[in-house]
Every structure is written in C-alpha cells, then in structure tokens.
Amino acid sequence: MQKLLNFLIAILVFVVAVVTVLVFQTVVINICVFAGLGPKESTPITLVAGHVGLILVFGLWYAFGLKKFRHARKSMKKVATPGNLGGLLLLSLGLSFFMSFGLPLVNPIIPEEIIERYIEMMEIAQLGESVFTNFAGCFLAPIGEELIFRGVMLYFLLKVINGLKRKKVLFWVVNLVQAVAFGALHGNMYQGMYATLLGLLIGFMAYKSDTILVPILIHMIYNILQIVLMEPIEAVLPENMVIYALIVVVGFAVMIAGMCIVKFPKEEDEQEKMAA
C-alpha cells in the first residue's frame, strides 16, 4: 500500500508542476496585459515566471518535505571536487555535441509538422534573442526542472522499488518514468523526445551521485552550451550528414570520458541513496 502511495505521489508531482506553471504564467500574463505589453514583450517574462514558480514550490518541497535532504547535502560535499566538476563539464560538452548533431540525423524520419511546431515554439519563446528567455533557459529551468524530476519525483519513485529484488533493473524502469514526464513537460513532441533521453542520463547521474547538485550542473552547462556554443557552430558548419555523424561519435566518446572521470560515493552507501 505504501509503495502505491509513493507512486501516486510521484504522479502528483507532475500534476503540481503543470498547475504551478499555469498559475504563475496566467498571473503574469494578466499583469503584462494590464501594463500594455504585447505578446512579444510578455512571452519571455511569462517564461521566467513559470520557472520561478517551479523553483519556489519544488525547492520548498525538496528542502522541507524529503527526509533525504540532510543526507544529500553530505553527498554534495563528496561530489563537489575539482576533478568531478571537470568531469561534469566534459560530460555536458560531449552531450551537447551528441544531441545537437545527432538530431539532424534522425530528422528525416520525424514528421515535418512535429519539427515545424517545435521551431514555431522556439521562435515564440525568442530563445537566443531575449535576455529573459536565455536567463530562464540557462539558469532557472535547470534548477526548477531538476528539483521536480531528479529531486522530488525520482525520490518517491525510488521508494517504490526500495527493498525489491533486481533493484538495478527496476531503477531503469522508474528512471524512464521520470524521464518521460520530463519530456512531456516541454509541451511538444520533438523537444519531448530528446528531453526524455537527457532525462534518462541525468537521472542516472542523480542516482549515482546522490545529490541534486550534479543534475543541476549537467542541465545548466548543457543549456548554456546550446545557446553560447552549439548555435554558432551549427550556423557556420556545412550541412553534411557524414560530418554530423563523426561529431556525434566524438561527442559520445567525450561524454563517456566525462562520466568516467566523475567519482561517485562508495557503493557501500547504496542503501542510503536517493530513497533514504
């Protein structure tokens, strides 16, 4: 019964996240309309409001509603070393190249309307153009979304499998659940597909490191690199699928190298991990 309750709470986390975004964005939209701002000026501001709402709600939930918070702070001290931070930077860099140049390789099999809808949403959000949108994407989104999915949701999902046999296999089941939920929150199928892949990797790193700091850093570095580095490179690089494939292979190798550099808490601390 308790495991079912934990699973239902994990699902409730997603519902609360959606409602939080809607409430905060609705309030800010009405304020912008009252102030006479048009859609172009108000959209980036509403994006910031939604992410601020998520940070407030789930930051409080994570800090005061989870028993593992004190233990997670101890794990943070173990993980936050110069070597690990370098490894996380390398991992995020490889991940950025892998995803940015891997997506064009699969675009031919994705329906055009899905890609067009994604492009339209990015144009409306003014990603890469608006200071508000860039700030939300680079800093606020990684904090809020990691608190939701790799913080609160994964915590309750791990409590579902705690004590069961074949826990390592079951971890990937619950990790997939939070990753799919993470993808769904993005609101479009194209972004949702690659966000699910990101969620799987970041969820694994959250579990192994046993601290919310690691997923936040990976997510934050990844988003920053997408705007600061990947977009300029894609703009000047010839559109050649062979070159893209080579970059994907190198990016994957760099990502794995970064993962190998990061030193996680010892395996004997496994019983305390995440579902402590």
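Residues numbered from 1 in each chain as written. Predicted model: local features only at pLDDT ≥ 70, side-chain atom pairs only at ≥ 80, totals over all residues. Heavy atoms only, no water.

**Topic: the overall build of the protein chain**
Right, on to step 1. For the protein chain, the count of helices and strands is ten helices and zero strands.
Right, on to step 2. Walking the protein chain from its N terminus toward its C terminus, one meets helices and strands in the order α-α-α-α-α-α-α-α-α-α.
Right, on to step 3. Considering only C-alpha atoms, the protein chain reaches an extent of 50 × 50 × 35 Å along its principal axes.
Right, on to step 4. Residues classed as buried in the protein chain amount to 46% of the 276 residues present.
Right, on to step 5. Taken together, the 20 basic and 18 acidic charged side chains of the protein chain have centroids lying 20 Å from each other. (Helix = DSSP H or I, 4+ residues; strand = E, 2+ residues; numbered from the N terminus. Buried < 20%, exposed > 50% of the residue type's maximum accessible area, 1.4 Å probe, protein only. Lys, Arg positive; Asp, Glu negative; His and termini not counted. Charge placed at Lys NZ, Arg CZ, Asp CG, Glu CD.)

**A short note on the pattern of salt bridges**
Right, on to step 1. Throughout the structure, instances matching the rule amount to two salt bridges.
Right, on to step 2. One salt bridge connects Glu120 with Arg117, and the closest N-O pair in it is separated by 3.6 Å. One end of the pair, Glu120, and the other, Arg117, are both in helix 5 (residues 112-125), three residues apart, so they sit about a helical turn from each other.
Right, on to step 3. Under the relative-accessibility criterion, Glu120 is labelled partly exposed at 39%.
Right, on to step 4. For Arg150, the salt bridge goes to Glu146, with nearest N and O atoms at 2.7 Å. Of the two residues, Arg150 and Glu146 both sit in helix 6 (residues 131-161), four residues apart, roughly one turn of that helix. (Salt bridge = Lys/Arg side-chain N within 4 Å of Asp/Glu carboxyl O.)

**Re the nonpolar core**
Right, on to step 1. Membership of the largest hydrophobic core comes to 51 residues, with the highest contact counts inside it found for Phe58, Leu95, Tyr190, Met205 and Ile218.
Right, on to step 2. If near-sequence neighbours (up to four positions away) are discounted, Met205 is found in contact with Leu88, Leu91, Val214, Ile218, Met259 and Phe264.
Right, on to step 3. Among the nonpolar cores identified, the runner-up in size contains five residues, and Phe101, Met230, Tyr244 and Val248 belong to it. (Core = buried A, V, L, I, M, F, W, Y, C linked by side-chain atoms within 4.5 Å. Contact = heavy atoms within 4.5 Å.)

**Notes on the packing of aromatic side chains**
Right, on to step 1. Applying the stated criterion to the full structure yields 14 aromatic pairs.
Right, on to step 2. Consider the rings of Phe58 and Trp61, whose centres lie 5.7 Å apart with planes at 15°: the pair is stacked. Placement of both Phe58 and Trp61 in helix 2 (residues 39-65) is noted, with a separation of three residues, approximately one turn of the helix.
Right, on to step 3. The class of Phe58 is buried, set by a relative accessible area of 0%.
Right, on to step 4. Aromatic ring contacts, followed pair by pair, group Phe58, Trp61, Tyr155 and Phe156 into a single cluster.
Right, on to step 5. Over the aromatic face of Phe182 sits the side chain of Arg150, whose NZ or CZ is 4.3 Å from the ring centroid. (Phe/Tyr/Trp six-rings, centres within 6.5 Å; stacked < 30°, edge-to-face > 60°. Lys NZ or Arg CZ within 6 Å of the ring centre and 35° of its normal.)

**Description of the side chain of Asn223**
Right, on to step 1. With respect to the element layout, Asn223 can be found in helix 9 (residues 213-236).
Right, on to step 2. A relative accessible area of 16% places Asn223 in the buried class.
Right, on to step 3. Not counting the four nearest positions on each side in its chain, Asn223 is found in contact with Gly137, Cys138 and Pro142.

**Overview of unusual backbone geometry**
Right, on to step 1. Of note, the phi angle at Gln126 is positive, near 60°, even though the residue is not glycine.
Right, on to step 2. Mapped onto the fold, Gln126 is located in the loop between helix 5 and helix 6.
Right, on to step 3. For Gln126, a relative accessible area of 11% translates into the label buried.
Right, on to step 4. Even without being a glycine, Arg166 presents a positive backbone phi close to 55°.
Right, on to step 5. Relative to the elements of secondary structure, Arg166 occurs in the loop between helix 6 and helix 7 (167-185).

Bear in mind that shape data such as this cannot, by itself, settle questions of function.
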